[in-house]
Amino acid sequence: MLRLEGVSHAYDGRRVLHGIDLELSEHRIGVIGANGSGKSTLARTLNGLVLPDEGRVWLGEWNTHRHARRIRRRVGFVFSDAANQIIMPTVAEDVEVGLRPLKPGRAETERRVDRILQRYGLAGHRDHPAHLLSGGQRQMLALASVLATEPEVLVCDEPTTLLDLRNSRMVHRVLDTLDQRVVLFTHDLDLLAGFDRVLVMDGGRVVHDGAPAGAIDFYTRLMDAAADDPAAPDPPDLPGGRT
Ligand SMILES: Nc1ncnc2c1ncn2[C@@H]1O[C@H](COP(=O)(O)OP(=O)(O)OP(=O)(O)O)[C@@H](O)[C@H]1O
Ligand SMILES: [Mg+2]
């Protein structure tokens, strides 16, 4: 289980996460919040891409300050722009490189790569240059390559932002069927139906934590209030929140 203990973080002296305590044990957890509310920063603390200035992020007995490599192998990360994480020239090679730490052997590697490409609709692109895939196909490849490593937890930071409806539905379906735990940071509220828990972030804090419908309602009212008064320095004190 992922656990955050007093996590605070600042960039150049400007604090963007404020003492966050969380236990992330549910199967499907969503995180929503305004632009700049700290979602990506929080997402990146979960696998040690960002090491918080204060507090610790734990996976079981390990924390990201001391065991970032081990944690990164178990907590997979998908960015919104897959170009950030496709590192090999061809589609098959990109999946294969993720399998290397598992040392499956040549024949087993081939079998797994084929199975994964099949599953994510990329079998016809096996030996194509990864950079020539469409945005949606690239995103499926990024997802496939991360899932090939068999992480315990998958953290996705806006995986559908750059996708058309068909591809975002495909990502949605893939996320739906995973056995792994998923922590999904998104502006795409439709993705959250059926989730076990949704957190709302505002100003670097978790301001609401509950079931999807209540969280979306809370977030909508928060955004409406902000739109009415864009100069307001702090979020309004809405009922139903938990800080
Ligand atoms: N590498 C960085 N260096 C300096 N400031 C940063 C950096 N990354 C993020 N920030 C700042 O931290 C704050 C939180 O950013 P973050 O990317 O975590 O927000 P977000 O909720 O993911 O926003 P969005 O919905 O737009 O993706 C913002 O004010 C942003 O400008
Ligand atoms: Mg972000």
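Before any of the text, the structure's been laid out above.
Keep in mind it's a predicted model, so treat the numbers as computed, not measured.

Calculation criteria
- Residues numbered from 1 in each chain as written.
- Chains lettered and ligands numbered in written order.
- Predicted model: local features only at pLDDT ≥ 70, side-chain atom pairs only at ≥ 80, totals over all residues.
- Heavy atoms only, no water.
- Buried < 20%, exposed > 50% of the residue type's maximum accessible area, 1.4 Å probe, protein only.
- Helix = DSSP H or I, 4+ residues; strand = E, 2+ residues; numbered from the N terminus.
- Contact = heavy atoms within 4.5 Å.
- Pairing = 2+ DSSP bridges.
- Right-handed = clockwise from strand over helix to strand, strands pointing away.

Trainee: Let's hear about helix α3 (residues 91–99): which residues, and what values?
Mentor: A large share of α3 lies buried, amounting to seven of its nine residues. Along α3, the residues classified as buried are V91, A92, D94, V95, V97, G98 and L99. Contacts from the buried residues of α3 go to α4 (106–119) and α5 (135–148).

Trainee: Report on the pairing of strand β8 (residues 181–185), specifying residues and quantitative values.
Mentor: The element β8 is largely enclosed, with a buried count of five among its five residues. Residues R181, V183 and F185 of β8 are buried on one face, and the alternating residues V182 and L184, pointing to the opposite face, are buried as well. The pairing of strand β3 (residues 28–33) with β8 spans four bridges and is parallel. Directly across from G30, in β8, lies its bridge partner L184. Sheet topology note: the strand β7 (residues 153–157)/β8 ladder contains five bridges and is parallel. Note that in β8 the partner of V155 across the bridge is V183. In this region the chain leaves β7, passes through helix α6 (residues 165–177) and returns to the parallel neighbour β8; the handedness of that crossover is right-handed.

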